[in-house]
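# Chain and residue survey
The primary structure of each chain is shown beneath.
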Amino acid sequence: MRFARMRRGGETLGVSLPRLSREVYVLGVIAFFVMVGFGVVVPVLPVYVRSFGVGYLEIGAVVSAFALMRFVSSPFTGRLIDWAGERVILASGIGIVAVSSGLVGVAQNYPQLLLLRGAGGVGSAMFTVAAMTLLLGSTAPGFRARAIGFYQGGFLLGGMAGPALGGLLATISLTAPFFFYAATLAVAGILGLVLLRPVRGGVVAAAGPAPERIPFRTVLRDTRFRAACIANFSTGWNSFGVRNALIPVLVVEVLRGPTAWSGIAFAFAAVAQTVALAPAARFVDIVGRRPAIIGAFLVAGLTILAVPFSPNIIVLTILLCLYGVASAFMGTAPAASVGDAAGAGGGRPVSVFSMFSDLGAIVGPLAAGFLVDSASYPVAFGVGALLFFATSVYALRMPRQARPA
């Protein structure tokens, strides 16, 4: 908390001006380095796995192993955070991903590669849950969405820069991106250890007693927390199962366009989300979490529902940009709601919240693919839209307060 001196009638007043904490800025920079490295690996990973002489099922298994191990290890991560603290678990998780990614580059066979990617999923869960727990605990309630927006902005900027670097590094060798990823993660881990302050009870250590911890069972009964978990599940389902998995295929098979069209459309959507992030976060903090979730998930549902009926790539790109704008709200409002409900509740609420996204990311691609094979694209996209609509409806039960107390 910062203070400014203001004068009124010759009298000096101390006026509290809350700002984003140092932890938020550090976490945003860490997010950038993590995502740059991840973005470098993404376009190369399937080709690298294929070089081991395996089929497409084995390629999918490598991707699923990462998400599955994130899901399985998230509950334990919450308890580890309560025991060792956010800073230690964050740096340890980044270290695990760094080492496993570097070893992927020297893997001798497919089973080694699969195990190493699974280990990376464990480290990723540790980093993700610890970072969000620290982010929520080090920020005043009225600034939570803006803190989350800054943090996610680091991911978005890194995600836009990474794939271009990945393509360049791939011209050197298929293993170079994995060593680069390990290096960027090492930088991120060192930044976390050096610049992040120790925390106590879910908040940055400061003078005075630590705030009272909200029991986990109380958090589970909170409508705000439940709405956030439903929102995270529907976002994971649609982002990975519908948007990322089906739209590239739809572009080729339905719109009869080249695969490059998907990358261009996604790039425009990423720019739209990045531009909308700051105003969306401000809206969530000032107007409220409830209207942001209701409106954003309604818009996202209508957008996803319309995607399979796009007559051309221009309309599809416009729809994806609208989805990107909605995603700016969908990424900030639910996470801020977790912070409102959990307070200094430690890592367990955040780990459960994260698990819902991972579960959606695991089940969504399988279900969406099955629905396309057995029915049609509109049915697959329609189921995803129904999940978004259900989130909006459940969010009507959230408290109506414009700002969290």
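Residues numbered from 1 in each chain as written. Predicted model: local features only at pLDDT ≥ 70, side-chain atom pairs only at ≥ 80, totals over all residues. Heavy atoms only, no water.

## Structural notes on the environment of Val 219
With respect to the secondary-structure elements, Val 219 resides in helix 8 (residues 216-221). On the basis of relative accessibility, which here comes to 0%, the residue Val 219 falls in the buried class. C-alpha separation for the pair Val 219 and Val 338, spaced 119 residues apart in sequence, amounts to 8.6 Å. (Helix = DSSP H or I, 4+ residues; strand = E, 2+ residues; numbered from the N terminus. Buried < 20%, exposed > 50% of the residue type's maximum accessible area, 1.4 Å probe, protein only.)

## Some points on the side chain of Ser 262
Along the polypeptide, Ser 262 turns up in helix 10 (residues 260-286). Residue classification places Ser 262 among the buried residues on the basis of a relative accessible area of 6%. Residues contacting Ser 262, with those up to four places away along its chain left out, are Ile 247, Pro 248 and Val 251. (Contact = heavy atoms within 4.5 Å.)

## Quick notes on the pattern of salt bridges
This structure, assessed with the given rule, holds six salt bridges. The closest approach of N and O atoms between Asp 358 and Arg 70, which form a salt bridge, is 3.1 Å. Of this pair, Asp 358 sits in helix 13 (residues 347-374) while Arg 70 sits in helix 3 (residues 56-84); the two residues are 288 residues apart in sequence, bridging distant segments of the chain. Since its relative accessible area comes to 6%, Asp 358 is described here as buried. Close ionic contact of Asp 285 with Arg 146 constitutes a salt bridge, the shortest N to O distance being 2.9 Å. Residue Asp 285 is found in helix 10, and its partner Arg 146 is found in helix 6 (residues 144-170); the two are separated by 139 residues along the sequence. For Arg 146, a relative accessible area of 17% corresponds to the buried category. Salt bridges here are not isolated pairs; linked through shared partners, they connect Arg 144, Arg 146, Asp 285, Arg 289 and Asp 340. (Salt bridge = Lys/Arg side-chain N within 4 Å of Asp/Glu carboxyl O.)

## Quick word on the nonpolar core
Across soluble globular proteins, nonpolar side chains have a tendency to be buried as a group. If you look at the biggest cluster of nonpolar residues, it comprises 107 residues, and the most contacted ones within it are Leu 27, Ile 30, Leu 90 and Phe 381. Per element, the largest residue contribution to this core is 15 residues, and it comes from helix 12 (residues 313-342). Aside from chain neighbours lying at most four places away, what touches Phe 381 is Val 242, Leu 246, Ile 247, Leu 250, Ile 304, Val 307 and Pro 308. (Core = buried A, V, L, I, M, F, W, Y, C linked by side-chain atoms within 4.5 Å.)

## Notes on the packing of aromatic side chains
With the rule as written, the count across this model stands at 12 aromatic pairs. Where Phe 32 meets Phe 33, the ring centres are 5.8 Å apart and the plane angle is 80°; that geometry is what we call edge-to-face. With a centroid separation of 5.7 Å and an interplanar angle of 80°, the aromatic rings of Phe 283 and Phe 329 are classed as edge-to-face. Of this pair, Phe 283 sits in helix 10 while Phe 329 sits in helix 12, placing them 46 residues apart in sequence. For Phe 329, a relative accessible area of 19% puts it in the buried group. One aromatic cluster is present, built from ring pairs that chain together Phe 38, Phe 66 and Tyr 181. A cation sits over an aromatic face here: Arg 146 above Phe 143, 4.2 Å from the ring centre. (Phe/Tyr/Trp six-rings, centres within 6.5 Å; stacked < 30°, edge-to-face > 60°. Lys NZ or Arg CZ within 6 Å of the ring centre and 35° of its normal.)

## Quick look at the packing of helix 11 (residues 289-306) against helix 12
A pair of packed helices is characterised by two quantities: the angle between their axes and the separation of those axes. Look at helix 11 against helix 12: their axes get within 8 Å of each other, and the N-to-C directions meet at 145°. Of the two possible hands of crossing, helix 11 and helix 12 adopt the one that is left-handed. Contacts from Arg 289, Ala 292, Ile 293, Ala 296, Phe 297, Val 299, Ala 300, Thr 303, Ile 304 and Ala 306 in helix 11 reach Leu 319, Leu 322, Tyr 323, Ala 326, Phe 329, Met 330, Ala 333, Pro 334, Ala 336, Ser 337 and Asp 340 in helix 12. Grouping the amino acids of the contact of helix 11 with helix 12 by side-chain chemistry returns 17 nonpolar, two polar and two charged. (Axes fitted to C-alpha atoms, helices over the stretch in contact; angles between N-to-C directions. Left-handed = near helix turned anticlockwise from the far one by under 90°. Nonpolar A, V, L, I, M, F, W, Y, C, P; charged D, E, K, R; others polar.)

## Considering unusual backbone geometry
With a phi angle near 60°, Arg 256 is a residue other than glycine that sits in the positive phi range. Its place among the elements puts Arg 256 in the loop between helix 9 (223-253) and helix 10.

## Notes on helix 10
Across its 27 residues, helix 10 extends 39 Å between first and last C-alpha, which sits within 8% of the 39 Å expected from 1.5 Å per residue. Of all the bends in helix 10, the largest measures some 45° and sits at Leu 277, one to four residues before the proline Pro 279. Of the residues flanking the end of helix 10, it is Gly 288, one or two places downstream, whose phi is positive at about 140°. (Expected span 1.5 Å × (residues − 1). Bend = angle between axes of the 7 residues up to and from the residue.)

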